[in-house]
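Residue-level structure breakdown
Spelled out from the first residue to the last, the chains are:
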Amino acid sequence: MKNIIWLASYPKSGNTMLRIFLSCYFFTKNGTLDDLHIIKNITIFNNYNVFKKINGIDSKNEFIKNPSTISKYWIEAQKKLYDLYPKKVFLFKTHNSRIKHNNVFFTNEKFTRAFIYIVRDPRSVLVSAKNHYNYKSYEDSLKNLLSDKHLSLAKYHVLPEFLLSWKTNYLSWKNFLKENPDLGLIIKYEDLVKKPKNELLKIFQFISKKHFIKFDQTKFNNALKSIKLKNLQKLESIQGFDEKGENSGKFFRKGLIDEWKVKLNTQQITKIENAFLEEMKELKYL
């Protein structure tokens, strides 16, 4: 029943970069990116089109009124996918914490073939999230980063996700890996930026162990070129990008590693470092 490969992360941590790379490799002839819409081949799991296959599923309006009710359908939706497509392997994006709510885990080893979790310095996440979600201030962005009550809201076809805090989100997937040492891979966004070839090859090799894939060096190299920031910015300026925040600027903005150093004040930095001290030390952000 293990037919889902999760591409998981806290929002604004590099999930889109990975999805575009894998979309180029799996869904083009030669790995070259010509259309940003190709990323739709790796959709978000909390998509009403996925959940509506469940008999008796609530209407989208119910999830708008009561976002947390989504949890009772997590496992049922994954089981339904297997029942309908037992031979198909799905690649799904998720920002959901791998937590238990109302005695139900978001996912488990029964349905998860593999997962890749991308983690990013929370100080950088704060800056990127403020721009993407068009928060009025960094303080507003910080409230969500620190909150274990942070749920995204149902909108259009996308259902709520239990984002929670940066720390809880990261630890939930780290603990899932601890329970199942061969099931997942944790990658730092900063390493993806500094050493994209090495890190993406590591990801590719990990996926190939879980789901046989014939390696094509040309496609790999072309996909690697395709995710360069200037190329993504050029395509976005021509085609637009559906995942851009409604009132934000460009989605492919800067992709910097240490922008927080000139954007955040000392008090904001201290709040983050105090709240996430142990995890940031572990990940060598401190």
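Described in the following lines is the structure provided in the data block. Owing to the predicted nature of the structure, the values given are computational and were not obtained by experimental measurement.

Below, the discussion takes up the overall build of the chain. For the chain, the helix and strand inventory stands at 14 helices and six strands. Against the 2.2 N^0.38 benchmark of 19 Å for 286 residues, the chain shows a C-alpha radius of gyration of 18 Å, consistent with a compact globule. Within the span of the chain, comprising 286 residues, buried residues form 51% of the whole. Partitioning the intrachain contacts of the chain with sequence separation of at least 6 by distance along the chain shows that 72% fall at a separation of at least 24. Looking at the chain as shown, the accessible area adds up to about 14000 Å², and 50% of this sits on carbon and sulfur atoms.

Here we come to the sheet that holds strand β5 (residues 112-119). With parallel pairing, four strands are arranged side by side in an open sheet as β2-β1-β5-β6. Two strands lie at the open edges of the sheet, namely β2 (90-94) and β6 (184-188), each paired on one side alone. Pairwise comparison of adjacent strand axes, ignoring direction, gives a mean angle of 15° for this sheet. Across five bridges, strand β1 (residues 4-9) lies against β2 in parallel orientation.

Here we take up the nonpolar core. Core analysis: the biggest nonpolar cluster contains 48 residues, and F45, F51, L145 and W166 have the highest contact counts within it. Leaving out residues up to four positions away in the same chain, W166 has contacts with Y10, V119, R120, P122, V125, L145, F276, E279, M280, L283 and Y285. One finds I20, I39, L91 and L200 within the second-largest nonpolar core, a separate group that totals 33 residues.

Phi is positive for N102, which is not a glycine, with a value near 50°. We note that N103 has phi near 70°; this positive angle belongs to a residue other than glycine. Of note, N103 is situated in the loop between β3 (100-101) and β4 (104-105). Judged by its relative accessible area of 64%, N103 falls in the exposed class.

Because an α-helix completes one turn every 3.6 residues, residues spaced three or four positions apart along the sequence face the same direction. Given a rise of 1.5 Å per residue, 13 residues ought to cover 18 Å, and the 17 Å separating the end C-alpha atoms of helix α1 (residues 15-27) matches this to within 8%. For α1, the buried fraction is high: eleven of the 13 residues fall into the buried class. Those residues of α1 that sit buried are N15, T16, M17, L18, R19, I20, F21, L22, S23, C24 and Y25.

This paragraph deals with the side chain of S141. Relative to the assigned elements, S141 resides in helix α6 (residues 138-146). What S141 contacts, discounting residues up to four positions off in sequence, is L126, A129, K130 and Y135.

Across all of its chains, the model carries eleven salt bridges by this definition. We note a salt bridge from E273 to R123, for which the minimum N-O separation is 2.7 Å. One end of the pair, E273, is in helix α13 (residues 266-275); the other, R123, is in helix α5 (residues 122-132), and 150 residues separate them in sequence. What you see here is one network of salt bridges that share partners, running through D121, R123 and E273.

Here D121 is to be found in the loop between β5 and α5. Judged by its relative accessible area of 5%, D121 falls in the buried class.

This part covers the packing of α1 against helix α10 (residues 217-226). Direction vectors running N to C along α1 and α10 enclose 145°, while the axes themselves pass 9 Å from each other. Crossing geometry of α1 relative to α10 is assigned as right-handed. For the pair α1 and α10, the contacting residues are F21, C24 and Y25 in the first and K219, F220, A223, L224 and S226 in the second. Considering only residue class, the contact of α1 with α10 consists of six nonpolar, one polar and one charged.

A separate point is the packing of aromatic side chains. Going through the model one piece at a time under the given rule, you end up with 27 aromatic pairs. Each ring, one from F26 and one from F27, has its centre 6.3 Å from the other, and the planes form 70°; the classification is edge-to-face. F26 sits in the partly exposed class, given a relative accessible area of 28%. For the pair Y117 and Y170, a centre-to-centre distance of 6.2 Å together with 45° between the ring planes defines the contact as tilted.

Cut-offs applied
Residues numbered from 1 in each chain as written. Predicted model: local features only at pLDDT ≥ 70, side-chain atom pairs only at ≥ 80, totals over all residues. Heavy atoms only, no water. Helix = DSSP H or I, 4+ residues; strand = E, 2+ residues; numbered from the N terminus. Rg over C-alpha atoms; globule rule 2.2 N^0.38 Å. Buried < 20%, exposed > 50% of the residue type's maximum accessible area, 1.4 Å probe, protein only. Contact = heavy atoms within 4.5 Å. Areas by Shrake-Rupley, 256 points an atom, 1.4 Å probe, with all protein chains shown as cover. Pairing = 2+ DSSP bridges. Axes fitted to C-alpha atoms, helices over the stretch in contact; angles between N-to-C directions. Core = buried A, V, L, I, M, F, W, Y, C linked by side-chain atoms within 4.5 Å. Expected span 1.5 Å × (residues − 1). Salt bridge = Lys/Arg side-chain N within 4 Å of Asp/Glu carboxyl O. Left-handed = near helix turned anticlockwise from the far one by under 90°. Nonpolar A, V, L, I, M, F, W, Y, C, P; charged D, E, K, R; others polar. Phe/Tyr/Trp six-rings, centres within 6.5 Å; stacked < 30°, edge-to-face > 60°.

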